[in-house]
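Observations on the three-dimensional arrangement
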Amino acid sequence: MAIRTISFVEQEYYHIYNRGNSKQVIFHDNEDYQRFREILFILNSTRRFNIYDIKKQRISIENIDREKLLVAIGAFCLMPNHFHILITPLMENGASKFMHKISTSYSKYYNQKYKRTGSLFEGKFKAEHITNERYLKYIFSYIHLNPISLTEPRWKEHGIQDKKKVLNFLYYYIFSSYKDFSNPEHILIPVLNKEYFPNYFPTKQFFKKEIFSWIQYREARRHDTESAFKIKKTGPL
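Describing the overall build of the protein
A tally of regular secondary structure across the protein gives nine helices and four strands. When the helices and strands of the protein are read in sequence order from the N terminus, they spell out β-α-α-β-β-α-β-α-α-α-α-α-α. Across the 237 residues that make up the protein, the buried fraction comes to 45%. Intrachain contacts of the protein at a sequence separation of at least 6 include 71% that bridge at least 24 residues. Roughly 13400 Å² of accessible area belongs to the protein as shown, and the carbon and sulfur atoms make up 51% of that amount.

Laid out in structure tokens, this is it:
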């Protein structure tokens, strides 16, 4: 169950998420998504960075010395009005410090760019402690399946019309870590720290198969629900 306050334990797993205040859009264009991805990488550090100076000096982001990481990131997905991140804390208070840094930095960037004031996010971030290994593996798929709603908004209720099209959409959705698993050779900003998580997907083929199997599973569950409803409504044949 999601809660607003949680005592984070080092090297355990947490699903972190938050959305825009009153469900408002927090990512409007590619620049916004790219800035948040850069923040996820740069500010996951015990060092204090000014991201504006880094951008101004054109310092290569992937070559920044971050010293020690606050958390390890296993997966992420940025949606127009919310985000998901899978983490494991690497030090005491690491998770809270990390979330405070990225929320403050992105809010400052967003408010300056769009000339607004006030809170950007809907209160404190939410955190779900994952203690079941089966559920941990599922969370990787859950996070990466989020963008399907952008191309087929009611897929959970009505199913997917074109699975090939959806899988292609997920592959080219650059605002998540999907490509970190499906095409890792072409990742410019290495946000993920896979070595701190179970190696559920040793190859990109394993990952794609897992994603497809969950799409199939959701489809099967939907059909089972529809069949049960028909039997309940009309009686068994």
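Re the pattern of salt bridges
Following the criterion strictly, the structure yields eight salt bridges and no others. Among the salt bridges present, the one from Arg37 reaches Asp180, with a minimum N-O distance of 3.2 Å. Of this pair, Arg37 sits in helix α1 (residues 30-42) while Asp180 sits in helix α8 (residues 178-182), and the two are 143 residues apart along the sequence. Like Arg37, the residue Asp180 is buried in the burial classification. Connected via shared salt-bridge partners are Asp29, Glu31, Asp32 and Lys113.

What to know about the layout of surface pockets
Its boundaries defined by the atoms lining it, the largest pocket holds a volume of some 350 Å³. Leu43, Phe49, Asn50, Lys101 and Ser105 are the residues nearest the centre of the largest pocket, which is lined by twelve residues in total. The element best represented in the lining of the largest pocket is helix α3 (residues 94-113), accounting for five residues. Each residue belonging to the lining of the largest pocket can be placed in one class, and the counts come to four nonpolar, four polar and four charged. Looking at the second largest pocket, its volume works out to about 260 Å³.

A word on the side chain of Asn44
Tracing the backbone through its elements, the reader meets Asn44 in the loop between α1 and α2 (51-56). One polar contact links the side chain of Asn44 to the main-chain amide nitrogen of Leu70, over a distance of 3.0 Å. Excluding residues within four positions of it along the chain, Asn44 makes contact with Ile39, Arg66, Lys68, Leu69, Leu70, Val71, Ile73, Phe98 and Asn193.

Observations regarding the sheet that holds strand β1 (residues 13-19)
Pairing between the strands of a sheet comes from backbone hydrogen bonds, and it takes one of two forms, parallel or antiparallel. Taken together, four strands build an open sheet; the order of strands is β2-β3-β1-β4 and the sheet is antiparallel. At either margin of the open sheet sits one strand with a lone partner, and together these are β2 (71-79) and β4 (126-130). Each strand axis lies, on average, 20° off the axis of its neighbour in the sheet, ignoring direction. Where β1 lies against β4, five bridges are found, and the strand directions are antiparallel.

Re the environment of Ser177
In this fold, Ser177 is placed in the loop between α7 (163-171) and α8. A sequence separation of 15 residues divides Ser177 from Leu192, and the C-alpha atoms of the two residues are 7.8 Å apart. Not counting chain neighbours up to four residues away, the residues in contact with Ser177 comprise Ala75, Phe76, His144 and Leu192. Within the structure, the side chain of Ser177 is placed 2.7 Å from the side chain of His144, a separation counted as a polar contact.

Looking at the pairing of strand β3 (residues 82-89)
Extensive coverage of β3 is indicated by the burial of eight of its eight residues. Of the two faces of β3, the one carrying His82, His84, Leu86 and Thr88 and the one carrying Phe83, Ile85, Ile87 and Pro89 are both buried. Bridge analysis of β1 against β3 gives six bridges, and the strand direction is antiparallel. Within the sheet, the bridge partner assigned to Ile16 lies in β3 and is Ile85.

Some points on the confidence of the model for the protein
Here the protein shows a mean pLDDT of 86. Residues at 70 or above account for 86%. In the predicted structure, residues 223-237 sits below a pLDDT of 50 and forms three contacts with residues beyond four places in sequence or in another chain.

Side note on the side chain of His15
Locating His15 in the fold gives a position in strand β1. Side-chain polar atoms of His15 contact the side chain of His84, separated by 2.9 Å. If we ignore the near neighbours within four places in the chain, the residues touching His15 are His84, Ile85, Leu86, Lys126, Ala127, Glu128, Ile130, Ile139, Tyr142 and Ile143.

Quick notes on the rules
- Residues numbered from 1 in each chain as written.
- Predicted model: local features only at pLDDT ≥ 70, side-chain atom pairs only at ≥ 80, totals over all residues.
- Heavy atoms only, no water.
- Helix = DSSP H or I, 4+ residues; strand = E, 2+ residues; numbered from the N terminus.
- Buried < 20%, exposed > 50% of the residue type's maximum accessible area, 1.4 Å probe, protein only.
- Contact = heavy atoms within 4.5 Å.
- Areas by Shrake-Rupley, 256 points an atom, 1.4 Å probe, with all protein chains shown as cover.
- Salt bridge = Lys/Arg side-chain N within 4 Å of Asp/Glu carboxyl O.
- 1 Å grid on protein atoms, 1.4 Å probe; cavity = no way out; pocket = protein on both sides within 12 Å on 5 of 7 lines; lining within 4 Å.
- Points joined across faces, edges and corners; volume = space filled by probe spheres on them.
- Nonpolar A, V, L, I, M, F, W, Y, C, P; charged D, E, K, R; others polar.
- Polar contact = N/O pair within 3.5 Å; in protein donor to acceptor, adjacent residues only side chain to side chain.
- Pairing = 2+ DSSP bridges.
- Axes fitted to C-alpha atoms, helices over the stretch in contact; angles between N-to-C directions.
- pLDDT = per-residue confidence, 0-100.

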